[in-house]
Amino acid sequence: MKKYFVFIFFLLLMCIFIPGTAQAKGSSAFEYETVSEGENACCITEIRIKKDKGISVLKIPGTINGKIVVSIGPGLRDEKNDDPLLQNVFGLYEWVDGDQSYKNWSCDSKEQKKRTMKIEKVILPDSVKVVKEYCFATLKGLKTVKLPKSLTTIGESAFITTPRLKTINIPANVKDGVTGMKEADFSWRNFTVSRGNPYYKMKKGMMFSKDGKAIYELMISKKNIRIPDSVETLKAGAFYNKSIESVYLGAGVKEIEYGALSTKKTCKVTLSPSNPHLARAGMCIYHRKNKSLLVGIPKSRYENIWPKITKQKVYYLKISRKIKKLDNDISIVGVGKKYRARKVYIPKSVETIVYGWSISEFVHKKCTYVTERNYWTFQP
């Protein structure tokens with residue numbers, strides 16, 4: 001009998017001290033799939049949840065099987081049929097056909113998907129440097145994420161469709177991926193950046209470059225925006241799909257990148273009269289120097305809509321005759337379903353269209369283009 005108990009005792013010790021191929025010591029509710037990232041480092045590519053209870057907090061271990069965890073997430077996967085597969089670290093995935101996202105994340109295991117939605121808090125170890133694309137996407141229950149000081153990179157859409165996650169702090173070393181962490185129509189309640197971060201700073205709910213000359217994104221919900229005179233550039237998508245009522249562009253603004261002012265609703269856009277770089281004519285804001293269109297601000301009117309033959313409020317954009325060039329950096333205000341322009345008038349004053357120019361992403365899918373020219377000069 002004594003030998004029997006000794007055998008059981010040693011068997012228990014072996015279970016405790018000999019790690020499995022994918023299971024972190026002390027984390028019996030989770031199993032980890034990893035790939036090597038060098039001799040002493042690894043990346044967690046998948047986390048499997050083994051229990052239904054007690055899994056609201058996920059504390060990821062700093063080492064697995066003797067290797068230091070330096071990154072987490074499978075990242076964006078390109079399949080043979082050219083349709084990319086989005087996948088989070090819990091094995092939930094979504095196919096994307098071209099630009100159309102189905103928004104239906106699936107999982108090979110229904111139990112895994114059910115358990116994943118119970119995760120409320122994620123704590124990353126101090127060793128992690130990279131959180132990959134879509135890593136924590138679709139975690140409906142996620143409320144808190146603790147990002148380590150060691151973190152340098154956050155992948156695109158790492159926190160997409162996490163409606164309960166409203167507060168986050170960006171550590172000092174993070175440079176890449178900060179502005180692409182979430183979907184465009186999601187706003188944080190409290191978004192902060194470490195003071196020691198040399199790349200970004202937060203001010204009045206907006207993320208600025210450290211020198212204050214560029215605005216990357218509006219991070220919290222805000223109705224009225226005033227761009228300081230110190231700002232020179234609105235980065236691509238800075239206010240894309242945001243519910244804003246008014247925007248004031250300061251005297252220093254000289255570049256408005258693609259979709260930067262494509263707000264969700266139609267809104268009032270005011271340009272500082274002392275701005276030497278930009279000008280406004282009717283529904284358009286353009287470069288004074290090369291006369292290229294930067295921002296289109298559609299207006300509404302009542303029209304008969306075929307085949308219903310009923311009068312509805314529809315939006316249209318009339319490009320000013322002062323515009324000579326249609327460039328790739330363009331924003332059309334009002335990209336929400338009700339606000340998209342159904343007609344765009346292009347005058348003969350437009351001499352050049354940059355190859356690939358298109359506003360189709362920002363207007364109604366049945367938008368009609370009314371032109372005064374049969375051809376233009378296409379500039380590469």
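What you see is a predicted model; the values in this text were computed from it and never measured. (Residues numbered from 1 in each chain as written. Predicted model: local features only at pLDDT ≥ 70, side-chain atom pairs only at ≥ 80, totals over all residues. Heavy atoms only, no water.)

**Some details on the pattern of salt bridges**
Oppositely charged side chains can pair when the atoms bearing their charge come close.
Move 1: Counting across every chain of the model gives 9 salt bridges.
Move 2: With its nearest N and O atoms 3.6 Å apart, the salt bridge here joins Glu-31 to Arg-48. Placement of the pair is Glu-31 in strand E1 (residues 30–36) and Arg-48 in strand E2 (residues 41–49), with a sequence separation of 17 residues.
Move 3: In this structure Arg-48 comes out as partly exposed when scored by relative accessible area, which is 27%.
Move 4: Of the charged contacts, one joins Asp-52 and Arg-115 as a salt bridge, the two residues approaching to 2.7 Å between their closest N and O atoms. Taken together, the residues Asp-52 in the loop between E2 and strand E3 (57–59) and Arg-115 in helix H2 (residues 110–116) connect sequence positions 63 residues apart.
Move 5: Each of the salt bridges in this network shares a partner with another, and the network as a whole consists of Glu-31, Glu-33, Arg-48 and Lys-50. (Salt bridge = Lys/Arg side-chain N within 4 Å of Asp/Glu carboxyl O. Helix = DSSP H or I, 4+ residues; strand = E, 2+ residues; numbered from the N terminus. Buried < 20%, exposed > 50% of the residue type's maximum accessible area, 1.4 Å probe, protein only.)

**Some details on the sheet that holds strand E16 (residues 206–209)**
Move 1: Reading across from one edge, E15-E16-E17-E19-E21 is the order of the 5 strands in this open sheet, with mixed pairing throughout. If you trace the sheet from one side to the other, it starts and ends with strand E15 (200–203) and strand E21 (255–256), each paired once.
Move 2: Across 4 bridges, the pairing between E15 and E16 is antiparallel. Residue pairing across strands places Met-202 opposite Met-207, the latter belonging to E16. (Pairing = 2+ DSSP bridges.)

**Focus on the sheet that holds strand E9 (residues 121–123)**
Backbone-to-backbone hydrogen bonds pair the strands of a sheet. The strands run either parallel or antiparallel.
Move 1: Strands sit in the order E3-E9-E11 across an open sheet of 3 strands; the sheet is parallel. On the outer flanks of this sheet lie E3 and strand E11 (144–146), each paired with one strand and no other. This sheet shows a mean twist of 5° between the axes of neighbouring strands, independent of strand direction.
Move 2: Pairing between E9 and E11: 3 bridges, direction parallel. Its bridge partner lying in E11, Ile-123 is registered against Lys-146. (Axes fitted to C-alpha atoms, helices over the stretch in contact; angles between N-to-C directions.)

**Focus: the confidence of the model for the protein chain**
Move 1: Looking at the protein chain as a whole, the pLDDT averages 86, with 86% of positions reaching at least 70.
Move 2: When the criterion is pLDDT under 50, residues 1–26 qualifies, and its contacts beyond four places in sequence or with other chains add up to 16 contacts. (pLDDT = per-residue confidence, 0-100. Contact = heavy atoms within 4.5 Å.)

**Structural notes on the nonpolar core**
Move 1: Ile-47, Ile-72, Phe-90, Phe-136, Phe-159 and Phe-191 are the most contacted members of the largest nonpolar core, which has 51 residues in total.
Move 2: If you list the elements that add at least two residues to this core, you get E1, E2, strand E5 (67–72), strand E13 (167–170) and strand E14 (190–193).
Move 3: Among the elements that line this core, the one with the most residues is E2, at 4 residues.
Move 4: In terms of nonpolar packing, the next biggest core, distinct from the first, is built from 26 residues, Phe-208, Leu-234, Ile-285 and Ile-297 among them. (Core = buried A, V, L, I, M, F, W, Y, C linked by side-chain atoms within 4.5 Å.)

**Thoughts on the state of the cysteines**
Move 1: Inspection of the entire model under this criterion finds 0 disulfides.
Move 2: Cysteine Cys-42 shares no disulfide, and the gap to the nearest cysteine sulfur, in Cys-43, comes to 7.5 Å. (Disulfide = S-S within 2.5 Å.)

**A look at the packing of aromatic side chains**
Move 1: Tallied over the full model, the rule gives 9 aromatic pairs.
Move 2: Relative to Phe-159, the ring of Phe-136 lies with its centre 5.8 Å away and its plane at 15°, an arrangement referred to as stacked. Here Phe-136, found in the loop between strand E10 (130–131) and E11, pairs with Phe-159, found in the loop between strand E12 (153–154) and E13; they are 23 residues apart in sequence, far enough to count as distant. Taken as a pair, Phe-136 and Phe-159 share a single burial class, namely buried.
Move 3: An angle of 50° between the planes, with centres 5.6 Å apart, marks the rings of Trp-188 and Phe-191 as tilted.
Move 4: What links up through ring pairs into an aromatic cluster is the set Tyr-199, Tyr-200 and Tyr-216.
Move 5: The cationic tip of Arg-226 hangs over the ring face of Tyr-248; the distance from NZ or CZ to the ring centre is 4.0 Å. (Phe/Tyr/Trp six-rings, centres within 6.5 Å; stacked < 30°, edge-to-face > 60°. Lys NZ or Arg CZ within 6 Å of the ring centre and 35° of its normal.)

**Details of the pairing of strand E25 (residues 293–296)**
Move 1: The sheet contact formed by strand E24 (residues 284–287) and E25 spans 3 bridges and is antiparallel. Opposite Cys-284, over in E25, you have Gly-296 as the bridge partner.
Move 2: The turn linking E24 back onto E25 is made up of 5 residues, and Lys-291 within it adopts a positive phi angle of 60°.
Move 3: Bridge count for E25 against strand E29 (residues 331–332) is 2 bridges, and the pairing is parallel. Counted as the bridge partner of Gly-296 is Ile-332 from E29.

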